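Residues per chain, in single letters:
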Amino acid sequence: MFSTRFFRIFPGYSHTMSALERCLANNELAEGLITSLKTEIAAVRQMKIEQRKKELREENARLREDVEKAKAKLIHLECASGRPQIPVPGQKAPIKVEGKNVQETQQVVPQKPQKVPESEEQKPPVEKKPKKEKQQKPAAAPEAPIDVGRLDFRVGRIIEVSRHPDADSLYVEKIDCGEPQPRTVVSGLVKFIPLEEMQNRMVVVLCNLKPAKMRGVTSEAMVMCASSPDKVEILAPPEGALPGDLVHCEGFERAPDAQLNPKKKIFETCAPDLRTNADLVACFRNVPLQVPGKGLICAQTLRDVNVK
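Residues numbered from 1 in each chain as written. Predicted model: local features only at pLDDT ≥ 70, side-chain atom pairs only at ≥ 80, totals over all residues. Heavy atoms only, no water.

### Regarding the UniProt feature "coiled-coil region" (unreviewed entry) in the protein chain
Here comes step 1: Summarizing the sequence annotation, UniProt attributes the feature "coiled-coil region" (unreviewed entry) to residues 46–80 in the numbering used throughout.
Here comes step 2: Secondary structure across residues 46–80 comprises 100% helix and 0% strand; the distance between its end C-alpha atoms is 51 Å. (UniProt positions renumbered as here; feature names shortened; annotations may be inferred. Helix = DSSP H or I, 4+ residues; strand = E, 2+ residues; numbered from the N terminus.)

Structure, rendered in C-alpha cells:
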C-alpha cells in the first residue's frame, strides 16, 4: 500500500531506480567481459610462450646434432693425419666416423707416424712470411653543400690604408679582423671611395679566400661591397659590432672551409645569390646576413644589387 502511494506521489522515482538498475547490470556485464578477456589474453600469451620454448628446444637439438657431426669429422681428420687423440674424462659415448663406431676410452692409441726421409729431416722448416694486410683507405667524408655557410665572413676595421704603389685603382689596407695580426687586403675601390673615408672604417671581410698577389702585393681577404655598374658601396656591419665578430645567415650552418679551393669555385657559385634586398639588407637567397645579437649587414643606398 505504501509503495503504491509513494510512486504515485513521486512518479519519476521508479524511472530513476530502473535506470540505475540497468547501469548496475551493464557494469557487472562489462566487468565479466573484462575478466573473460584477461583470462583469454593470459591463455594466448602462455600458449605463445610454450610454442616458443618448443621451437627453441628443437633448434637446440639440431645444433647439438650439427656439433656432434662436426666433432666426429674433426676426429676422423686428425686420426688420418696421425695426431694423437686426448680423451675427455668420463666420455664413453661412441662417435660415428664414416659408418664406423669409434669407442672413446680413457686411453687412445695414436697411429704410428710415417717415417720421414733423412734428407727431409735435416732441412729446417721454412717459415712463411705473414702476408701484409692491405690498409684500407678511410672513406672520404661527403662534401658539404655549396652555400654561404662555407664562406668565412667576419667584421673588420681598417686600421691603415694607402694607394697601391704600382696600381692607381687599388688600395692596400691593413684590416683588424680580431686576429693576432691584421690582414693585408688589396681592394679596387679608388674610383668609388675616397681615401679619407676608408680610414678606421668598419667593414665585412671574406677571410677564407686563398691569398693571391695583386700587382706584387699579397691580398689575404676581400672587402665585401654592394655593387652596381656605376656605383660601389662598402657593406656596413651593425652598430656595436667589433672586429672578429662572425657573420651568420639563418638556416645555413656556419661551417666555413679553412681555405676555399679555387678549383671548386665555391664563392663563384654563391655569388649570384648574394644581393641586397629592397630594405638595403645584404642577403643570401633572400635570407639576411647578420651579426647575432647585434643586427643586420646593410648597404647605404644600393637596393637589389649584387654583393661582391
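Once you've had a look at it, read on.
### Some remarks on the environment of N286
Here comes step 1: Relative to the helices and strands, N286 is located in the loop between β14 (282–284) and β15 (287–291).
Here comes step 2: Accessibility expressed as a relative area gives 71% for N286, which makes it exposed.
Here comes step 3: With twelve residues separating them in the primary sequence, N286 and L274 have C-alpha atoms 8.3 Å apart. (Buried < 20%, exposed > 50% of the residue type's maximum accessible area, 1.4 Å probe, protein only.)

### What to know about the pairing of strand β6 (residues 202–206)
Here comes step 1: In terms of residue burial, β6 counts as a mostly covered element, since four of its five residues are buried.
Here comes step 2: Sheet topology places strand β3 (residues 153–163) next to β6; five bridges connect them, and they run antiparallel. Residue pairing in the sheet places F153 in a bridge with L206 of β6.
Here comes step 3: In this sheet, strand β9 (residues 222–223) lies alongside β6 in antiparallel orientation, the contact comprising two bridges. By the bridge assignment for β9, V205 is matched with V223. (Pairing = 2+ DSSP bridges.)

### Here we look at the sheet that holds β6
Here comes step 1: As summarised here, the arrangement of the five strands in space is β5-β4-β3-β6-β9, forming an open sheet in which the pairing is antiparallel. Two strands close off the open sheet at either side, each with one partner strand: β5 (183–187) and β9.
Here comes step 2: Two elements, β3 and strand β4 (residues 171–176), share six bridges in a ladder whose sense is antiparallel. Its bridge partner lying in β4, I158 is registered against I175.

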